[in-house]
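# Overview (structure and organization)
Now for the letters of each chain:
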Amino acid sequence: MFGLPDEFTPGFLARLEKLRIRTRQRYAGMGRGMHLSPKRGSSLEFNDFRHYSPGDDFRYIDWGLYGRSDKLYIKLFQEEEDLLTYIFVDASASMAYPAGDRKFEFAILTALALAYVALASGDRVMLRVLGGSGGRVNPSFVNGRHRIVELARRLHDLKPGGQFDFANSLATELLAIRRTGKVFIVSDFLMLLNSVTRGLGMFTAASMDLTAVQILGGRELNGQGLDGDVEVVDSESGERLRVSLGERERAQYRETMLRLTREIKSFCLKRGLHYALYTTDHDFQNFFVRAVRDLGLAH
Amino acid sequence: MGLLYPGALVFFALVPALLVAYLAKERPTRVTVSSVMAFRALRGFRRERFGGWPRLDWMFFAELLILSLAVIAMAGPFIWKQTAPLAVVIDNSAAMQAMTPAGRSRFEAARAKLDAALSAEDGGGEISVYVTAPQPRRVAPPFDSLTEARLALSRIKPCDAPNDRTTLENFLGNLASQARVAKVIFAGANALAAPIPARIHPIAVGDAVANAAIGSFTIRREVLGAEALHASLTIANFSPETRTLELAVTGDGKEIAHAREALGARETATIEFPALPPARIYEAKLAPDDAFALDNVAYATASSVKKVSILFISPTPADAQGLNSIPGVEVAARTPDSYSPADLGDFDLAIFEYAAPKEMPAVNAMLVMPPPGDPVFGLTVTPAAKVEIAGWRTADPLTDSVNFRLLNLRGGEYFGTHPWMSQVVGGDGGAIVLKGERGAHRFIATGFNPFPYLGRRNLPMSVLTLNAIGYLAGLGTASGYRTGQPWLAPAGVERVILPSGSAVAANPGTLFTAVSEQGIYELAGPGGATTPRAVNLADLAESDLSNSPPLRVEAANPASAAAPVMEKSSLADYVLGAIIALTALEALLVYRRRRRVAGAFAP
């Protein structure tokens, strides 16, 4: 619809519009919005008092307090600003495998859905791609829900490929974006756990509110289709392993995969980060609506 | 169940080899995955582990089963099976073409009855189908089912050849004596004479049919040098009443002779046509039509009238040219220097003019004024400036119709008394013409030279020459060719075009056996030129459809009834079939598995 993927049906978009991004901290925005800002402003939400200074708007003089204390105090209110939302999409080669699982396709859907939630809430969105080739994503903020089509078009030509060091790449990105805000990282996180935790930890250290969205293939998670003697080749490093797979081995493999996801989730929860896991053999719309809290969203 | 070659079971020792092959066989499927992290926890190939063992999945056991089946197949498994092999013999001789009053041929009636008889069989054993003419033979390997046997029967057609009665009797006797044949069903025109062997079940379809037939059709050149040919035809009336038969002879499609003959019941007559004009192919037709059309027609060819081939050896070969003008004579001339005794193999007779052979000729020969001192014949020769005929034998084929008074002989020679040749024509100085036989060959010696042959310009000499050649050639009736009787393919013939139009390759000097059809066979040489050859049924015994004498079949054990036969039934075919099916199934499943893996993980 209007250049958006088929999954973005009118019904799904209506449901996305009812969502908004939830943060555990207040972040300064770039314009008026719906999120409380650390700045004092003109919202209805009272924040503090201060002594009246000449030139202050005497509409904000608390006359009741003046009656009790015989001093002039000015009421200060909370500022409401938009939220700077950063969405990182992992476009490394691992996102292309297994092809039948369409991991990268669902990663893009997730990123677009999150972006739409932010844009529909009046927030600014910056989409950033880690690795990949083919498409060019403008590393600047966009706002306004109509800009979702533009983002979808930019992501459309993107092809996963290449290899990158997760922690180092995120460090570079962190230096580039400068302003704090909400961060979504959409990735399969199939890399060394140490690299994942270091990368995610940098964002928490930078006072970013982070949600890690892990995308895994259904076949990938279960080792489905692998049988007998198989030489597996790592899509990024090219490392080769020769394994014999049977029912027992596949169960062992699945347990290892689940353990990897549990460790990432455990790390996120300990650090107060949001974590959501989507396996591609499940319905995408259903996942997005049901995992609202895990995704760091709210109705 | 048993094994024909139990020793083959030693190949079960190959099972360990299968394990080795299995361990070494499988090339791993290469699959690109997003990350190999989770695979690191798994152990490597089992076969690469110390003390490893093949993955005992269905594929391994399928291959083990295939190997075991292969070893069992090598051992030749069989089971004992009780069968009742059946021999079906159908008479396909010419007489079976005769139409019955029911409106179908004897052969069709026999086939229908055989079909009904086969329906009553339980089909427990193999069925062999035989035909009887020209010689008894099996039409195909034994059939396992009644349906196949019926199909084979439906494809058989009666031929134009008669049965070889003695061979057929012996054949049926042998069949009935074989332990492997439980029952013989014979359907034919001839009944079987009692006692009938117990295993033979005859089906007779030889109801009497009134028939008139041409028994033979021969053509000969009665007089050497005559253009016209003499035809003799034998006709017979095998009906119980007197019939007037009309015989028409056509030459190359044009009627050239006609005769009418009234024949009494079972009477035979010979009809002569003494002067048939020359034609390539002659066809005789007997009217009126009857139930057996085959013997109402007969063929003959002018080429069947044998030509006399002469090798003329002379220092003056030109003397032979006149002989070529004699109808039915072919001459080849050669000088004595170029002559070799082996040359005589291609000729009927030889004429030595002013020459004598160095060894006794292998053919009949005529010596014309042989030189003195000939060691082979030992003729005593006295040259004379003029030879005078003083007397001759009057009742001799050489002197027949020769007017010796008009014979004007000039120079020549007289022969002295010869040990084995007798004088036919003599003069004052001795014999002028001698003749004799030696080593089954005829020889003539003349003291004068009748050549060159001048025909009517020197009639007495020409008659004498024709008499001499006729005597040496031994002119007679050319025997025709009969259906079912093979003949030697003549030299230079590459293929034979049958009366049906199909061509059969022929090797000169070998027997040509595709002679089941009556009609004209065209013998084709390398240049495409063809020579016709007539082949006729020419068998009045076969044509006598009202009198089919019963066959006398003698079996080794005539009283023994049909007994079931225990025979080994091989299981190797089934085992091999199972091997092929298992192999195909394995290949299919392996292919599908590889494709599934490749499809799921390919980029």
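Residues numbered from 1 in each chain as written. Chains lettered and ligands numbered in written order. Predicted model: local features only at pLDDT ≥ 70, side-chain atom pairs only at ≥ 80, totals over all residues.

### Quick notes on the overall build of chain B
What counts, and what does not: Under the scheme used here, helices are H or I runs from DSSP no shorter than 4 residues and strands are E runs no shorter than 2 residues, and both carry numbers assigned from the N terminus. Distance between backbone-placed C-beta atoms decides contact: two residues are in contact if it is within 7 Å.
When its secondary structure is counted, chain B shows 8 helices and 33 strands. Taking contacts inside chain B between residues at least 6 apart in sequence as the whole, the part at least 24 apart equals 65%.

### Thoughts on the overall build of chain A
Keep this limit in mind: Counting other C-beta atoms within 10 Å of each residue's C-beta, where C-beta atoms are placed from the backbone, gives the exposure class: buried for 20 or more, exposed for 12 or fewer, partly exposed between.
Of regular secondary structure, chain A possesses 9 helices and 11 strands. Of all 299 residues assigned to chain A, the portion counted as buried reaches 41%. Put simply, 76% of the contacts in chain A that link residues at least 6 apart link residues at least 24 apart.

### Quick look at the packing of helix α5 (residues 166–177) of chain A against helix α6 (residues 193–205) of chain A
All names here are of chain A. Selection rule: Simply put, an axis is a line fit to the C-alpha atoms, just over the touching stretch for a helix, and the angle between two N-to-C directions goes from 0 to 180 degrees. For classification, angles of less than 35 degrees are called roughly parallel, those exceeding 145 degrees roughly antiparallel, those between 65 and 115 degrees roughly perpendicular, and all remaining angles oblique. Crossings are sorted by hand: turned counterclockwise from the far helix by less than a right angle, the near helix makes the crossing left-handed, and turned clockwise it makes it right-handed. Three classes are used: nonpolar for Ala, Val, Leu, Ile, Met, Phe, Trp, Tyr, Cys and Pro, charged for Asp, Glu, Lys and Arg, and polar for all others, with Gly counted as polar.
Following both chains from N to C, one finds α5 and α6 inclined at 15°, their axes separated by 7 Å at the closest point. Classified by the angle their axes make, α5 and α6 are roughly parallel. Considering how the two elements wind past one another, α5 and α6 form a crossing that is right-handed. Contacts between α5 and α6 involve F166, A167, L170, A171 and L174 on the former and, on the latter, S195, V196, R198, G199, M202 and F203. Across the contact of α5 with α6, the residue classes break down as 8 nonpolar, 2 polar and 1 charged.

### Things to note about the packing of helix α1 (residues 10–17) of chain A against helix α3 (residues 103–120) of chain A
Residue and element names in this part refer to chain A. At a minimum axis separation of 9 Å, α1 and α3 run at an interaxial angle of 55°. Between α1 and α3, the angle is such that the two are oblique. Here α1 runs over α3; the crossing is right-handed. Facing α1, whose interface residues are L13, L16 and E17, α3 presents A113, Y116, V117 and A120. Grouping the constituent residues of the contact of α1 with α3 by class yields 6 nonpolar, no polar and 1 charged.

### Regarding the sheet that holds strand β9 (residues 240–245) of chain A
Where we set the bar: Think of it this way: DSSP has to see at least two bridges between two strands before they count as a pair.
Pairing is mixed across the open sheet formed by 3 strands, whose spatial order is β9(A)-β8(A)-β2(B). Unpaired on one side and paired on the other, β9 of chain A together with β2 (29–33) of chain B mark the two borders of the sheet. Recorded for the sheet is a direction-independent mean angle of 35° between the axes of neighbouring strands. Bridge count between strand β8 (residues 228–234) of chain A and β9 of chain A: 6 bridges; the pairing is antiparallel. Considered in β9 of chain A, the bridge of E231 of chain A is made with R242 of chain A.

### Quick look at the sheet that holds strand β4 (residues 84–90) of chain A
Residues and elements named next belong to chain A. In space, the 5 strands of this open sheet follow the order β5-β4-β6-β7-β10, with parallel pairing throughout. With one partner strand each, in any of the chains shown, β5 (124–130) and β10 (274–279) form the two edges of the open sheet. Across the sheet, the mean angle separating the axes of adjacent strands is 15° when strand polarity is ignored. The sheet contact formed by β4 and β5 spans 7 bridges and is parallel. In the sheet register, L84 faces β5, and the bridge partner there is R124. Relative to β10, helix α8 (residues 247–270) is tilted by about 155°, and along the sheet it contacts β7 (209–216) and β10.

### Quick look at the pairing of strand β7 (residues 183–188) of chain B
All names here are of chain B. Most of β7 sits out of view: 6 of its 6 residues are buried. Side chains K183, I185 and A187 of β7 all project onto a buried face; the interleaved residues V184, F186 and G188 project onto the opposite face, where all are buried too. Both strand β4 (residues 86–90) and β7 contribute to a ladder of 5 bridges, which runs parallel. Looking at β7, one finds that L86 is bridged to K183. Sheet analysis places β7 next to strand β8 (residues 200–204), joined by 5 bridges and oriented parallel. By the bridge assignment for β8, G188 is matched with A204.

### Side note on the environment of V233 of chain A
Along the chain, V233 of chain A turns up in strand β8. Residue classification places V233 of chain A among the partly exposed residues on the basis of 17 C-beta atoms within 10 Å. Here V233 of chain A is in contact with G238 and R240 of chain A together with R30, V31, T32 and V33 of chain B, once residues within four sequence places are set aside.

### Here's the deal with the nonpolar core
Rules: Nonpolar cores are identified as sets of buried Ala, Val, Leu, Ile, Met, Phe, Trp, Tyr and Cys residues joined via C-beta atoms within 7 Å.
Of all hydrophobic cores here, the largest spans 82 residues; its most connected members are I87, V89, A111, L112, A115 and V186 of chain A. With 14 residues, the single largest contributor to this core is α3 of chain A. Apart from residues lying up to four places away in sequence, A115 of chain A is in contact with I87, V125, L127, I148 and L151 of chain A. Residues I127, I200, A231 and L233 of chain B belong to the second largest nonpolar core, which totals 80 residues.

### Description of the confidence of the model for chain A
Parts of the prediction with low pLDDT should not have their coordinates interpreted in detail. This is how it is decided: How sure the predictor is of each residue is captured by pLDDT, a score from 0 to 100.
Across chain A, pLDDT averages 85, with 91% of residues at or above 70. Looking across chain A, the model is least confident in strand β2 (residues 32–51) of chain A, with a mean pLDDT of 66, and most confident in β10 of chain A, with 94.

### Points about the environment of A176 of chain A
Of note, A176 of chain A is situated in helix α5. Spatially, the C-alpha atoms of A176 of chain A and P139 of chain A are 9.6 Å apart, while their sequence positions differ by 37 residues.

### Focus on unusual backbone geometry
Leaving glycine out, the prevailing phi sign among residues is negative, and the prevailing peptide bond configuration is trans. For the bond from Y97 of chain A to P98 of chain A, the omega torsion is -15°, close enough to zero to count as cis. Within the secondary structure, P98 of chain A sits in the loop between β4 and α3. Each neighbour pair has its own omega, and for A287 of chain B with P288 of chain B the value is 0°, a cis peptide bond. Position of P288 of chain B among the secondary structure elements: in the loop between β14 (281–287) and β15 (297–301).

### Structural notes on α5 of chain A
Which entries qualify depends on this criterion: Working rule for helices: expected span equals 1.5 Å times residues minus one.
An ideal rise of 1.5 Å per residue puts 16 Å on 12 residues; α5 of chain A measures up with 16 Å between its terminal C-alpha atoms. Phi for R178 of chain A, located one or two positions after α5 of chain A, is positive at around 65°.

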